[in-house]
Amino acid sequence: MNQDRWLTLPLLLMGAVLLLAACGAAAPTATGSKPVATAPATVTPAPNVTTAPAPTPITGLSAACGPETMDNSVLANPEAGYCLRYPANFKPQIGDAPDRPAGTWVVSFFDPSDADRIVSLAIETSLANGRTLEQVVTEELGNYSAEITAQIMRTPTQLGGEPAVILDGLPGILMNRQAFVIHGDRLHRLVLLPWHEEAFGDRQAEAQALWDQIVNSLAFMRALMHSSWRSISAGI
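Rules and cut-offs
- Going along each chain's sequence as written, the residues are numbered from 1 onward.
- Where totals are concerned, whole chains, interfaces and linings use all residues; where local detail is concerned, this predicted model gives features only for residues with pLDDT of at least 70, and gives and counts side-chain atom pairs only at 80 or more.
- Working from all heavy atoms in the structure, the side-chain values ignore hydrogens and water.
- Only DSSP runs of H or I covering at least 4 residues are called helices, and only runs of E covering at least 2 are called strands; the numbering of each starts at the N terminus.
- Per-residue accessibility, obtained with a 1.4 Å probe over protein chains only, is compared with the maximum for each type, and a residue is labelled buried under 20%, exposed over 50%, and partly exposed between these values.
- Contact criterion: two residues are considered in contact whenever any of their non-hydrogen atoms come within 4.5 Å of each other.
- Per-residue accessibility takes into account occlusion by the displayed protein chains alone, with areas from the Shrake-Rupley method and a 1.4 Å probe.
- The definition of a polar contact used here is a pair of N or O atoms within 3.5 Å, where within protein one atom must be able to donate a hydrogen and the other to accept one, and adjacent residues in sequence count solely through side-chain atom pairs.
- Among the buried residues, those of types Ala, Val, Leu, Ile, Met, Phe, Trp, Tyr and Cys that are joined through side-chain atoms within 4.5 Å form a nonpolar core.
- Only when DSSP finds a minimum of two bridges between them are two strands counted as paired.
- Pairing of aromatic rings covers Phe, Tyr and the six-membered ring of Trp, with a centre-to-centre limit of 6.5 Å; geometry is then stacked below 30 degrees between planes, edge-to-face above 60, and tilted otherwise.
- Only Lys NZ and Arg CZ are tested; either one counts as a charge over a ring when it is within 6 Å of the ring centre and within 35 degrees of the ring normal.
- A residue's pLDDT is the predictor's confidence in that residue, given on a scale from 0 to 100.
- What the arc describes is the spread of directions from the helix axis to the C-beta atoms.

(A) Looking closely at the overall build of the chain. In terms of regular secondary structure, the chain is built from four helices and eleven strands. Counting across all 236 residues of the chain, residues that qualify as buried make up 36%. Taking all contacts inside the chain whose residues are at least 6 apart in sequence as the whole, residues at least 24 apart take part in 50%. A total accessible area of about 14,900 Å² is found for the chain, and carbon and sulfur atoms account for 60% of it.

(B) Representation of the environment of Val137 in the model. Topologically, Val137 is positioned in helix H2 (residues 133–141). Looking at Val137, the relative accessible area reads 0%, which means it is buried.

(C) Structural context of the side chain of Thr125. Topologically, Thr125 is positioned in strand S5 (residues 120–127). Thr125 sits in the buried class, given a relative accessible area of 7%. Within polar-contact distance, the side chain of Thr125 engages the side chain of His188 at 3.2 Å.

(D) Structural context of the nonpolar core. Tyr82, Leu84, Phe109 and Ile214 are the most contacted members of the largest nonpolar core, which has 26 residues in total. Those elements that provide at least two residues to this core are strand S2 (82–87), strand S4 (105–110), S5, strand S7 (162–170), strand S8 (176–183), strand S9 (186–193) and helix H4 (204–217). When residues in this core are grouped by element, the largest group, five residues, is from H4. Here Phe109 is in contact with Leu75, Leu84, Tyr86, Phe90, Lys91, Pro92, Val119, Ser120, Leu121, Ile123, Leu210 and Ile214, once residues within four sequence places are set aside.

(E) Representation of the environment of Glu68 in the model. Within the fold, Glu68 resides in the loop between helix H1 (2–26) and strand S1 (72–77). A polar atom in the side chain of Glu68 sits 3.1 Å from the backbone nitrogen of Val74.

(F) Structural view of the pairing of S8. With seven of eight residues buried, S8 is to be regarded as a mostly interior element. Relative to S8, S7 runs antiparallel, the two being bridged by six bridges. When the bridges of S8 are listed, Asp168 appears paired with Arg177. A loop of five residues connects S7 with S8, the two strands running antiparallel in sequence. In this sheet, S9 lies alongside S8 in antiparallel orientation, the contact comprising seven bridges. Across the sheet, the residue bridging to Val181 is His188, located in S9.

(G) Structural context of unusual backbone geometry. Cis geometry is adopted by the peptide bond preceding Pro194, which originates at Leu193 and carries an omega value of -15 degrees. Along the chain, Pro194 falls in the loop between S9 and H4. The phi dihedral of Asn129 is positive, around 55 degrees, even though this residue is not glycine.

(H) Inspection of the packing of aromatic side chains at higher detail. Tallied over the entire structure, the rule returns one aromatic pair. Geometrically, the ring pair formed by Tyr86 and Phe109 is tilted, given 5.1 Å between the ring centres and 45 degrees between the ring planes. Of this pair, Tyr86 sits in strand S2 while Phe109 sits in strand S4, and the two are 23 residues apart along the sequence. Phe109 matches Tyr86 in its accessibility class, with the two residues each being buried. Over the ring of Trp195 we find Arg177; its NZ or CZ atom is 3.9 Å from the centre of that ring. Here Arg177 stacks its cationic end above the ring of Trp211, 5.0 Å away from the centre of that ring.

(I) Spotlight on the confidence of the model for the chain. In this model, the chain carries a mean pLDDT of 75, and residues with pLDDT of at least 70 account for 64%. Of the regions scoring below 50 in pLDDT, residues 1–57 engages in five contacts with residues more than four places distant in sequence or in other chains. Ignoring residues within four places in sequence, the model shows residues 225–236, a span with pLDDT below 50, making 31 contacts including any to other chains.

(J) Highlighting H2. By the burial criterion, the buried members of H2 are Leu133, Val136, Val137, Glu140 and Leu141. One face of H2 carries all of its buried residues, which in axial projection span an arc of 130 degrees. The secondary structure elements touched by the buried residues of H2 are helix H3 (146–149), strand S6 (153–159), S7, S8 and S9.

Pasting the structure below:
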């Protein structure tokens, strides 16, 4: 009989534990309220997002000027009447030229990661005022002595389908290369720095690549007299 009592005792203890657990589940919470069943979460569909319309592309661009790629960007300058491609790591800076005749505008291309802006290319646009290309080049060479002029290399070429002249070895802050081209009585003067400058010989390949990209893509378009300078690339 003692044996039956020891067997029954654990069963009674287990029954008591189960009873207490059941009571605890039905008891009020600490705040005095009954547990509230949580409703299943509902997924609210995202509202329709309207995408802003793409900017209206500039018309009249030559195929040489676009579209942009990962390696190059496009600048369209309808006021000066040209468009071109330039390396994507370079940025254009637009402004006037206080040391040039009134109405001269300049677009300078430089690498923002180069604090000293050693490699750069600028395009100055002004009125030719009826001058021929030969007259413009002769006037430019007239700014130097005969000794310096003898060292400047002159090369006839074409830019944007127009006759042009390249002058290599012009003196300045750095030795530079310049090109002159006239289209629609607008004189475009391209200035590349540096050009075979001894102190920056390691930058010559970079300068040459910048020159090639811009010169080979330069195309003339219909010039607008009262339009804003625009770039297809962001940031302008």
